[in-house]
Amino acid sequence: MKGIYYIENYIDEMHSSISGYFATEDEAREGLKFCADWFRPNGTGRIYFKEFGLHGKTTLIYESR
């Protein structure tokens, strides 16, 4: 299955933003070490996998809080 991994972080109490896009899950997990949710330490956030295509499914892969 083809797609892309991305990290999503909260930027305030109610909003989130994508912090980075990655080709593999391992790269995304490594990138998460440098990302953080609002008022949280580095390494917090969520990693998702998004399938390519018009109706590609989005799957939560990892969550750290």
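The sections below set out a description of the structure shown in this document. (Residues numbered from 1 in each chain as written. Predicted model: local features only at pLDDT ≥ 70, side-chain atom pairs only at ≥ 80, totals over all residues. Heavy atoms only, no water.)

## Focus: the pattern of salt bridges
Enumeration over the complete set of coordinates arrives at three salt bridges. Of the charged contacts, one joins lysine 33 and glutamate 30 as a salt bridge, the two residues approaching to 3.0 Å between their closest N and O atoms. With a relative accessible area of 39%, glutamate 30 lands in the partly exposed category. One salt bridge in this structure joins aspartate 37 and arginine 46, with 3.2 Å as the shortest N-O distance. A relative accessible area of 6% places aspartate 37 in the buried class. (Salt bridge = Lys/Arg side-chain N within 4 Å of Asp/Glu carboxyl O. Buried < 20%, exposed > 50% of the residue type's maximum accessible area, 1.4 Å probe, protein only.)

## Description of the environment of threonine 59
Residue position: threonine 59 is located in strand β4 (residues 58-64). Relative accessible area serves as the criterion here: at 29%, threonine 59 is assigned to the partly exposed category. Between the C-alpha atoms of threonine 59 and phenylalanine 49, which are 10 residues apart in sequence, the distance is 5.2 Å. When neighbours within four sequence positions are excluded, threonine 59 is seen to be in contact with Ile47, Tyr48 and Phe49. (Helix = DSSP H or I, 4+ residues; strand = E, 2+ residues; numbered from the N terminus. Contact = heavy atoms within 4.5 Å.)

## Digging into the pairing of strand β1 (residues 3-10)
For β1, the buried fraction is high: six of the eight residues fall into the buried class. The pairing of β1 with strand β3 (residues 45-51) spans six bridges and is antiparallel. Bridge pairing in β3 links glutamate 8 to arginine 46. Where β1 lies against strand β2 (residues 16-22), six bridges are found, and the strand directions are antiparallel. Each bridged residue has a counterpart across the sheet, and for tyrosine 10 the counterpart in β2 is serine 16. (Pairing = 2+ DSSP bridges.)

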